[in-house]
Structures are given as C-alpha cells and as structure tokens.
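# Understanding the architecture of this molecule
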Amino acid sequence: MASSDPPLASRLDNAGTLLQSVSTSIVQEKITILPGHEPDYSACTFCLANEDHTLGNALRWIIMKDPEVEFCGYSAPHPADPKIHLRIQMYENQSAVDCLRRALKNLRELLNTVNDKYASSVKNDTYIREDDVDVKAVVAETLRQRGFGEAEDEAMDVS
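Once a new chain begins, its residue numbering starts again from 1 and follows that chain's sequence as written. For a predicted model such as this one, the threshold for reporting local features is a pLDDT of at least 70, and the threshold for listing and counting side-chain atom pairs is 80 or more; totals across whole chains, interfaces and linings nevertheless cover every residue. To obtain the side-chain values, all non-hydrogen atoms of the structure were used and water was disregarded.

### A short note on the pattern of salt bridges
Should a side-chain nitrogen of Lys or Arg be within 4 Å of a carboxyl oxygen of Asp or Glu, the pair is scored as a salt bridge. Taken as a whole and assessed by the stated rule, the structure comprises eight salt bridges. Here Arg-101 and Asp-98 are joined by a salt bridge, their closest N and O atoms 3.6 Å apart. With a gap of three residues between them, Arg-101 and Asp-98 both fall in helix H2 (residues 96–123), about one helical turn apart. Any residue under 20% of the maximum accessible area for its type is buried, any over 50% is exposed, and the rest in between are partly exposed; the area is computed with a 1.4 Å probe on protein chains only. Note on Arg-101: relative accessible area 35%, which makes it partly exposed. Three or more residues are tied together by salt bridges with common partners; here these are Asp-66, Glu-68 and Arg-102. Runs of E in the DSSP output that reach at least two residues are strands. Runs of H or I that reach at least four are helices, and both are numbered from the N terminus.

This is the structure:
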C-alpha cells in the first residue's frame, strides 16, 4: 500500500472496498474515505476515483434531497487528476456511508427510469420533433430587418 493510501479501516465497504476493474487487469479502489472523518462516520469526505463533475453534481443534488443531510458538497482537486472529493455531513449521528450508498442506489434508479422512458419514446415514435432551423438564414434576416445591409454582412468576420 502506498504511503498516500488511507488505512484499511477508512475504506468504504466492510467486506472490502468497492472495486473497479480496468482494462489493464489492475484493480483500483473506486471509493475511499479520506482522513479526518468523524469516528461514527457521521461526517466523511469520500474520494471517487476516475470521476468528474458529471457524477459529482448529480450525487450532490440527490444527497441534498435527504432530510438527514446537514451538508453535502464536492470538489475536483485538480483538472488533470480524474477524481472528486465528496463531503457529506449528517444530522443526529446518521451514517454518511449509508447516505452515499442510498444516493448511489437512488441515482441508479433515476437514470434507469430516464433511460427506460427515452427508449420507450424512441421505440413507440412518441417523442417531440422539432424542425431544423437554418441559423445563418435567420441571422441574415434578423440583421436585414434591423437595418444592416448585405454589404456589412460580407465585411463581417465570420471566423
């Protein structure tokens, strides 16, 4: 274990950590608890490997809907480092680890529902269709209506 790795007791799962296999056959810890958590795990900062703002903001949104949550926020420590830190603080000595598990489950259910509705609307041909718009023609017409002639259009830098 590298010196920057959290001790075994700080890992997320009692039976082992949530693991993610990568194509190189290297097993990497997906979620770890960073040092500085409360002894009862009511406030923890989790490190989610190979994730970015897409998951961070979705998890923060779903976690903040839980009435037992006092605070939730996330950060991406550095743009070149593909990980996020997710801080969860609970009321009444509730477990931040259990909260994260519930949030991941709820997010999975939400995404499955959206996917099912999308697939159904495509299959049944019941989605809203919009006409394509010729943006260049609309802009040219708007400029013409506002008194800008074609001579100015040709001189305009469109790069």
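### Overview of the pairing of strand S4 (residues 43–49)
The buried count for S4 comes to seven of seven residues, which makes it a mostly enclosed element. Judged by which residues are buried, S4 turns out to be covered on both faces: Ala-43, Thr-45, Cys-47 and Ala-49 on one side and Cys-44, Phe-46 and Leu-48 on the other are all buried. Two strands pair when backbone bridges link them, and strand S3 (residues 31–33) and S4 are joined in this way by three bridges, in the antiparallel orientation. Considered in S4, the bridge of Thr-32 is made with Cys-47. Paired strands are those between which DSSP finds at least two bridges. When S4 meets strand S6 (residues 83–90), the two strands line up antiparallel, connected through seven bridges. What sits directly across from Phe-46, in S6, is Leu-86.

### Thoughts on the nonpolar core
By nonpolar core we mean a set of buried residues, namely Ala, Val, Leu, Ile, Met, Phe, Trp, Tyr and Cys, connected to one another through side-chain atoms within 4.5 Å. Grouped together as the largest cluster of nonpolar side chains are 21 residues, with contacts concentrated most on Phe-46, Leu-48, Leu-59, Ile-63, Leu-86, Ile-88 and Leu-100. Elements represented by at least two residues in this core include exactly S3, S4, helix H1 (53–64), strand S5 (69–75), S6 and H2. With six residues, H2 is the single largest residue contributor to this core. By the convention used here, residues are in contact when the closest approach between their heavy atoms is within 4.5 Å. Excluding residues that lie within four positions of it along the chain, Leu-48 makes contacts with Lys-30, Ile-31, Leu-55, Leu-59, Pro-82, Lys-83, Ile-84 and Leu-86.

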